[in-house]
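Coordinate analysis (summary)
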Amino acid sequence: MTTIPTPRGRLTAARALNDLTWLRVGGPADYLFQPADLEDLQAFLRDLPAEMPVFPMGVGSNLIVRDGGLRAVVIRLGRGFNGISVEGTTVTAGAAALDAHVARKAADAGVDLTFLRTIPGSIGGAVRMNAGCYGSYTADVLKSATIVTRQGEVVELTPAELNFRYRQSDLPEGAVLVSATFQGPAGDPADLHARMEAQLKKRDETQPTKDRSAGSTFRNPAGFSSTGRADDVHDLKAWKVIDDAGMRGARRGGAQMSPKHSNFLINTGNATAADLEGLGEEVRKKVYETSGITLEWEIMRVGDPLTD
């Protein structure tokens, strides 16, 4: 039997994860670990048996945990990992700091990280997934990221080492991201706050922000997404091919493709992870049948299905 080290922080066995994800679904993790501080995290990872998988989890905004749960130690950073500091145009934020808070605090100091304002998540997830919108990406402004390795060592990574791609980056297996440093363009605080207000208004008008969702379900089709490449075009969106396949508003159990924005998968109240993932796969199948396009999931799906 695997021996789990005793940390100073909170360690909970067989912890259900449904209340920690925005979609409110998911079975139990073998363990949930909430470290007290950096040293606690280092010691825990160092002493954790190598065969025990680790899954770092942010605020669960871009995640489906399957109904059978997760055979891993889920690590969730909280207080002590959410600080934000600004020096000149350099912003350093803990991995647990919310993207929106970082954008606001940067704007207060005249630093433009406004693209982070409408991203529903924390900085750790933003770096891990190279989050972005409005043509700006985390990769554009990141100076460095600090991780704790599976061996318990603190290591600083450069953007080149992270190997950023569209909605992807490379982190060492089992590593936990603890902070990131950004260099943003200078701007007038009032202008930056006004821009963020306009972005929020537009988001609320076009997206089902009052519903239980996990943000965009699928990436825009390859070659038609905001990759930032010179040859990239933006005239084919995931929502458009979902509409063309007749899947806007489609339902499966308690899951639905939002009638307001068809690339948002929502839990109408009693969905299981199987309902949500199953509906997503149904949408992918219909889109492929009608357009020949294979949609790629943007939402991360982890864990085991429920077995009888």
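Residues numbered from 1 in each chain as written. Predicted model: local features only at pLDDT ≥ 70, side-chain atom pairs only at ≥ 80, totals over all residues. Heavy atoms only, no water.

Description of the overall build of the protein
Short version of the rule: Only runs of H or I of at least four residues qualify as helices and only runs of E of at least two qualify as strands under DSSP, and these elements are numbered from the N terminus. In this description the radius of gyration comes from C-alpha coordinates, and the expected globular size is given by 2.2 Å times residues to the power 0.38. Buried means the residue's accessible area, taken with a 1.4 Å probe over protein chains only, is under 20% of the maximum for its type, while exposed means over 50%, and partly exposed covers the values in between. Working rule for contacts: check all heavy atoms of both residues, and any pair within 4.5 Å makes them a contact. Method for areas: the Shrake-Rupley scheme with a 1.4 Å probe, in which residue coverage is limited to the protein chains shown.
Counting its secondary structure elements, the protein contains 8 helices and 17 strands. A compact globule built from 308 residues would reach a C-alpha radius of gyration of about 19 Å, and the protein, at 20 Å, matches this within 12%. Referenced to the eigenvectors of the C-alpha coordinate spread, the extents of the protein come out at roughly 60 × 50 × 35 Å. Looking at the protein as a whole, 50% of its 308 residues qualify as buried. Counting contacts in the protein only where the partners sit at least 6 residues apart, residues at least 24 apart contribute 62% of the total. Only carbon and sulfur atoms are counted for the fraction: they give 49% of the accessible area of the protein, which is about 14200 Å².

A look at the domain arrangement of the protein
How large an interface is tends to be reported as the accessible area lost when its parts come together. The test is simple: Boundaries of every domain are those given by an automatic assignment or by a domain database.
With domains assigned, the protein is organised as domain 1 (10-76), domain 2 (84-191) and domain 3 (211-302). Look at where the C-alpha atoms of domain 2 and domain 3 centre, and you get two points 26 Å apart.

Topic: unusual backbone geometry
The bulk of non-glycine residues show a negative phi, and the bulk of peptide bonds are trans. Of note in this structure, Arg24 is not a glycine but carries a positive phi near 60°. Looking at the secondary structure, you find Arg24 in the loop between strand 1 (10-16) and strand 2 (28-34). Unlike most non-glycine residues, Asn163 shows phi in positive territory, near 50°. Here Asn163 shows up in the loop between helix 5 (159-162) and strand 12 (176-183).

A look at the sheet that holds strand 3 (residues 54-57)
Whether parallel or antiparallel, the strands of a sheet pair through hydrogen bonds between backbone atoms. What counts, and what does not: One requirement defines pairing of two strands: DSSP has to find at least two bridges between them. Here an axis means a line fitted to C-alpha atoms, over the contact stretch when the element is a helix, while the angle between two N-to-C directions is reported on a 0 to 180 degree scale.
On the basis of which strands lie adjacent, the open sheet formed by 4 strands has the order 1-2-5-3 and mixed pairing. Two strands lie at the open edges of the sheet, namely strand 1 and strand 3, each paired on one side alone. Strand-to-strand twist across the sheet, computed as the mean angle between neighbouring axes with direction ignored, equals 30°. Across 4 bridges, strand 2 lies against strand 5 (residues 70-76) in parallel orientation. Residue Ala29 lies in a different strand from strand 5, and its bridge partner there is Leu70.

Here's the deal with the UniProt feature "active site" (unreviewed entry) in the protein
Keep this limit in mind: UniProt positions are given in the numbering used here, feature names are shortened, and annotations may be inferred rather than shown by experiment.
If you check UniProt for "active site" (unreviewed entry), the listed places come out as Arg167, Ser216 and Glu298 in our numbering. Their sequence span is 132 residues, while the largest C-alpha to C-alpha distance among them is just 11.7 Å; these annotated residues converge on one region. Topologically, Arg167 is positioned in the loop between helix 5 and strand 12. For Arg167, a relative accessible area of 12% corresponds to the buried category. The contacts of Arg167, once residues within four sequence positions are left out, are Met129, Asn130, Ala131, Gly132, Tyr137, Arg219 and Glu298. On the secondary structure map, Ser216 appears in strand 13 (residues 212-216). With relative accessibility at 27%, the residue Ser216 sits in the partly exposed group.

Focus: the nonpolar core
The tendency in soluble globular proteins is for nonpolar side chains to be buried side by side. Condition: Residues belong to one nonpolar core when they are buried, are Ala, Val, Leu, Ile, Met, Phe, Trp, Tyr or Cys, and are joined through side-chain atoms within 4.5 Å.
Ranked by internal contacts, the top residues of the largest apolar core, which has 49 residues, are Leu41 and Val127. Considering each element in turn, this core owes the most residues, 5 residues, to strand 12. Structurally, this core is a two-domain feature, drawing no fewer than three residues from each of domain 1 (10-76) and domain 2 (84-191). Contact partners of Leu41, with chain neighbours within four places excluded, come to Phe33, Pro35, Ile75, Leu77, Phe81, Val148, Val176 and Val178. Of all hydrophobic cores here, the second largest spans 24 residues; its members include Leu23, Ile242, Ala245 and Ala255.

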